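Overview (structure and organization)
In case you want the letters, here they are:
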Amino acid sequence: MALPPGQHQTKGFPRFGTALHKPPPSVPSDHAIEVRGAGLETFKVPLARLAELERRGVDADFHCVAGWSATGLHWEGATFEAFLREVVAPGVAVTHVVTFGLDGHRAEARVEDLVEGGALLADRLDGRPLDGDHGAPVRLVSPSQYGYVSTKHLRRVELHTSRPRKVQSSRAMHLLRPHPRARVWEEERNELIPGRVLRIPYRLLIRPFRTLSAYGSRRTPE
Ligand SMILES: Nc1nc2c(c(=O)[nH]1)N[C@H]1C(S)=C(S)[C@@H](COP(=O)(O)O)O[C@H]1N2
Ligand SMILES: [Mo]
C-alpha cells in the first residue's frame, strides 16, 4: 500500500516518542483508565472491563509526524467507539478527547477523527500482548492520524464538548504546535505551517531522538 505524502518506510517498528530518554513507565498491578470531564464524576475503567467491550483487529501502517512509517502492523483491542459508548452519559455531545500517558505524554483528538479512522484502545500488537516499547498495557491507536495522537501507556481519557485549550505537556511541545487533527493523508503535521514545508525539518529531528534513546540502548527509526 502507498504511504501518505512525505512519509518513508522504516525497518520494523521502533520505539519512539517524547519520553525516549526514560525507560517505559512501570504499570501498577491495579491499573485502570481514568475518565473525567463533560460533567462526569471522575471514574475508572478497569482493564477487565475494557476487555469486555466490542473488540476488533486492525491491519494498519503507523506514521510518525517526523516522517517514518512502520508498515503491516496488526493491532487488537476495544474499539474507541465502544469505549465512548461505555463512558459517555446519554445526551452529552462529546466532540474532543485528551488522552494522557503514564509518562506524561498528552494528545488531543476530535471524536469523529478517532471513530471514522477506526481507532482502538489496543492491548495486542502482531498477536502478542503490547510490550513496554509500544505502550503496555493499553494504548490508543489511530491509524489515520500521525503517531503523536496514539498515546501509549494510557492512563486517562478526558472528555470535552468543545476543543480543549492548553493541551500540551510542556512549553516546548506547545511551541511545536502539533496539528489538532493530524490526518496523515491531509499531511496535517502542524497547526501553523503547511506539512510539506516541514518534511525535512521534522525528519532532522529523528537524529536527536536517536541520541537521547541511546541511554536506553533502543533502536530508533531511520
Ligand atoms: N505515552 C506516550 N505515548 C506516545 C509517545 C510518548 O512519548 N509517550 N510518543 C508518540 C509519538 S510522537 C509516536 S510517533 C508514537 C510512537 O509509538 P511507538 O513507540 O510504538 O513506535 O507514540 C506516540 N505516543
Ligand atoms: Mo511521532
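Our subject is the structure listed above.
What you see is a predicted model; the values in this text were computed from it and never measured. (Residues numbered from 1 in each chain as written. Chains lettered and ligands numbered in written order. Predicted model: local features only at pLDDT ≥ 70, side-chain atom pairs only at ≥ 80, totals over all residues. Heavy atoms only, no water.)

What follows is about the site of ligand 1. Lining the immediate surroundings of ligand 1 are 21 residues, of which Pro14, Thr18, Asp103, His134 and Lys152 lie closest. Here an oxygen atom of ligand 1 and a backbone polar atom of Pro14 are 2.7 Å apart. A distance of 2.5 Å separates an oxygen atom of ligand 1 from a polar atom in the side chain of Lys152. Alone, ligand 1 offers 530 Å² of accessible surface; in the complex the protein occludes 97% of this. Of the residues belonging to the shell around ligand 1, the class tally is 8 nonpolar, 8 polar and 5 charged. (Near = heavy atom within 4 Å. Polar contact = N/O pair within 3.5 Å; in protein donor to acceptor, adjacent residues only side chain to side chain. Areas by Shrake-Rupley, 256 points an atom, 1.4 Å probe, with all protein chains shown as cover. Nonpolar A, V, L, I, M, F, W, Y, C, P; charged D, E, K, R; others polar.)

Moving on: the nonpolar core. By size, the foremost hydrophobic cluster in this structure holds 32 residues, and its most contacted members are Leu50, Phe80, Phe83, Val97, Leu114, Leu121 and Leu159. The set of elements that each furnish at least two residues to this core consists of strand 2 (32–37), helix 2 (80–87), helix 3 (111–116) and strand 11 (154–160). In terms of residue count, helix 2 provides more of this core than any other element does, 5 residues in total. Apart from residues no more than four positions distant in its own chain, Phe83 is found in contact with Ile33, Val35, Val45, Leu50, Leu53, Leu121 and Val157. If you look at the next biggest cluster of nonpolar residues, it comprises 18 residues, including Phe13, Ala66, Trp68 and Ala122. (Core = buried A, V, L, I, M, F, W, Y, C linked by side-chain atoms within 4.5 Å. Buried < 20%, exposed > 50% of the residue type's maximum accessible area, 1.4 Å probe, protein only. Helix = DSSP H or I, 4+ residues; strand = E, 2+ residues; numbered from the N terminus. Contact = heavy atoms within 4.5 Å.)

Don't take any of this as a statement about function, it's just geometry.
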